[in-house]
Amino acid sequence: MERTMHKGEIRHEVRLLLEALLIQAEQPARKQVARVHLTKRGFAWYFSGDELGLRGQVHEQLQHLALQGFLKLNWQKYEQGNLLASIDLANREIETIEALCAWLGRTPLRSQREALRLVLLEQELIGGWFDRFLEWAMMQLEEYRSPLPLSIVDVQGSRDLLRVLSAVAQLQTPMLARVLSIELFGKSKRVDELLGKVITVLRQFTTDAPLYEGDDWALLQAYNVYRPSEYIPVVGSLSLVVPSTSENSPLSPMPIPLHMDAALPSIGLSEEILRSAQITSCSAMALVTVENQTSFCELLQVRSSSVCVVYIGGFASPALIIFLRTLRRFRPDQQRCPQCGNRLQARGNHARTLQTTGGEAITLHRRYLKCP
């Protein structure tokens, strides 16, 4: 009586061979036979001999599938029943592929694509960039291409992403990302998990994405997705103009001037102010950025009135980098020592590269000066 093999008995090595065969078989444009060559480079475990009886068990399971008409085994010359040269898929019929996938507990690629296609068809057309994304994703599936950031493996994850994108496309008023997450999923962090993919879609399918290059949160805010403001402590003699925050405010929409005296304690500036404020004057002769909070507090005790200090907290955000670059325009080319008044001399330069959320590298340059 022929012995029946269950899914739980499949050796990991046999599963690797079958997965490699199915990857080839599920390529719609492929005309050659689906074949896996057993080489020492690709399948070193087959030739190692570290596990006693491994090769015999692999042969037994493969021969079982060959008898059922799924596989064709090609043996090396003079090594019949001992060493395999290659394994062929007996045919590329849909029934054969689906039967092997079911035996492995694997969803066929054809079924995965069809499941995602049905999810796309469920979406309600809104117009604009969201409809363009749906049309592109459907075309990718029809041409057997990857629809990233949608996933054909994680269909539920793709459904969640489409739900977030649809909600973002319909937002009319600003909303915190976590509030949106609670409204959509009843969980506060699900939208945060999908924000990277949301940004990918916005950068590819919205027309104004180039305006926010390098600043992902500025792009999200342009589509009414916000996060709690992060405040950056700044101290020094500085004057700037802050644009009006709301067009519907009963107050005057005119820009608001903000003057910081050198003797005042530090003031926290939000990312919106850092990104949009216009600096009108800065009489400080030196600009110092501090990464450590304790060092920042200690520096405030001994700071000269001619020094402007900014706490960056380790990694500067894109909005803070914009602010620092703007602030440097008001720094005199020839700085003087705050103690003796002599002109400072160059001591050296240092460059530091920061990686932003969107993957763009930003290089910060720092110049060191010394008193002669």
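Read on for an overview of the structure. Everything numeric in this text was worked out from a predicted model, so none of it was measured. (Residues numbered from 1 in each chain as written. Predicted model: local features only at pLDDT ≥ 70, side-chain atom pairs only at ≥ 80, totals over all residues. Heavy atoms only, no water.)

### Considering the overall build of the protein
Along the backbone of the protein there are 13 helices and 14 strands. Looking at the protein residue by residue over its 372 residues, the buried ones come to 40%. At a minimum sequence separation of 6, the contacts of the protein that also span at least 24 residues come to 57%. If you sum the accessible surface of the protein, you get close to 21800 Å²; carbon and sulfur atoms cover 51% of it. (Helix = DSSP H or I, 4+ residues; strand = E, 2+ residues; numbered from the N terminus. Buried < 20%, exposed > 50% of the residue type's maximum accessible area, 1.4 Å probe, protein only. Contact = heavy atoms within 4.5 Å. Areas by Shrake-Rupley, 256 points an atom, 1.4 Å probe, with all protein chains shown as cover.)

### A look at unusual backbone geometry
A cis amide bond links Leu 148 with the next residue in sequence, Pro 149, at an omega value of 15 degrees. With respect to the helices and strands, Pro 149 occurs in the loop between α6 (129-142) and α7 (155-170). For Tyr 78, which is not glycine, the phi dihedral falls at a positive 65 degrees. The residue Tyr 78 is located in the loop between β2 (71-75) and β3 (84-89) in this model. The phi angle at Asn 224 is positive, at roughly 70 degrees, despite the residue not being glycine.

### Topic: the packing of helix α5 (residues 109-122) against α7
Contact geometry for α5 and α7: axes closest at 10 Å, N-to-C directions at 20 degrees. The angle between the axes of α5 and α7 places the two elements in the roughly parallel class. Judged by the sense of rotation from one axis to the other, the crossing of α5 with α7 is right-handed. Mapping the contact onto sequence places Ala 115, Leu 116, Val 119, Leu 120 and Glu 122 in α5 and Val 155, Ser 158, Arg 159 and Leu 162 in α7. (Axes fitted to C-alpha atoms, helices over the stretch in contact; angles between N-to-C directions. Parallel < 35°, antiparallel > 145°, perpendicular 65-115°, else oblique. Left-handed = near helix turned anticlockwise from the far one by under 90°.)

### Re the packing of α7 against helix α8 (residues 177-185)
Running from N to C, α7 and α8 cross one another at 120 degrees; their axes reach a closest spacing of 11 Å. Here α7 is positioned oblique relative to α8, judged by the angle of their axes. When you trace α7 past α8, the crossing you get is right-handed. Contacts between α7 and α8 involve Asp 160, Arg 163, Val 164, Ala 167 and Val 168 on the former and, on the latter, Leu 180, Leu 184 and Phe 185.

### Notes on the sheet that holds β3
The strand order β1-β3-β2 describes an open sheet built from three strands, whose pairing is antiparallel. Unpaired on one side and paired on the other, β1 (35-37) and β2 mark the two borders of the sheet. Neighbour-to-neighbour, the strand axes of this sheet turn through a mean angle of 15 degrees, independent of strand direction. (Pairing = 2+ DSSP bridges.)

### A word on the packing of aromatic side chains
Per the stated rule, a full pass over the model turns up nine aromatic pairs. Residues Trp 129 and Phe 130 carry aromatic rings whose centres are separated by 6.2 Å and whose planes lie at 90 degrees to one another, so their mutual orientation is edge-to-face. Just as Trp 129 is buried, Phe 130 falls in that class too. Here the aromatic cluster, defined as three or more aromatic residues joined through ring pairs, consists of Phe 43, Trp 45, Tyr 46 and Phe 47. Across the ring face of Tyr 46, the terminal group of Arg 55 is positioned such that the distance to the ring centre comes to 5.3 Å. Directly above the aromatic system of Phe 185 lies the positively charged group of Arg 163, at a separation of 5.2 Å from the ring centroid. (Phe/Tyr/Trp six-rings, centres within 6.5 Å; stacked < 30°, edge-to-face > 60°. Lys NZ or Arg CZ within 6 Å of the ring centre and 35° of its normal.)

### Topic: the nonpolar core
Counting residues in hydrophobic clusters, the biggest one holds 39 residues, and the most contacted among them are Leu 120, Trp 129, Leu 150, Val 164, Leu 165 and Leu 220. For this core, the element with the highest residue contribution is helix α9 (residues 190-205), accounting for eight residues. Not counting residues within four places of it along the chain, the set of residues in contact with Leu 165 comprises Trp 129, Phe 130, Phe 133, Val 198 and Val 201. Leu 17, Ala 25, Leu 83 and Cys 101 belong to the second largest nonpolar core, which has 30 residues in total. (Core = buried A, V, L, I, M, F, W, Y, C linked by side-chain atoms within 4.5 Å.)

### Looking at the side chain of Ser 239
By the element assignment, Ser 239 lies in strand β7 (residues 238-242). Not counting residues within four places of it along the chain, the set of residues in contact with Ser 239 comprises Leu 258, His 259, Gln 278, Ile 279, Thr 280 and Ser 281.

### Some words on the sheet that holds strand β6 (residues 232-235)
Ordered in space as β9-β6-β12-β11, the four strands form an open sheet in which the pairing is mixed. Each edge of the open sheet carries a strand with a single partner, namely β9 (267-269) and β11 (286-290). Strand-to-strand twist in this sheet, taken as the mean axis angle between neighbours without regard to direction, amounts to 25 degrees. Two strands pair when backbone bridges link them, and β11 and strand β12 (residues 307-311) are joined in this way by five bridges, in the parallel orientation. Within β12, the residue paired with Val 290 across the bridge is Tyr 311. Contacts between helix α12 (residues 293-302) and the sheet are confined to β6, β11 and β12, with β12 contributing the most and set at about 160 degrees to the helix.

### Quick word on empty space enclosed by the protein
Applying the stated criterion across every chain yields a total of two cavities of 30 Å³ or more. In this structure, the second largest cavity spans a volume of roughly 30 Å³. Counting residues per element, the ones that place at least two in the lining of the second largest cavity are α7 and α9. When grouped by side-chain class, the residues that make up the lining of the second largest cavity number four nonpolar, three polar and one charged. (1 Å grid on protein atoms, 1.4 Å probe; cavity = no way out; pocket = protein on both sides within 12 Å on 5 of 7 lines; lining within 4 Å. Points joined across faces, edges and corners; volume = space filled by probe spheres on them. Nonpolar A, V, L, I, M, F, W, Y, C, P; charged D, E, K, R; others polar.)

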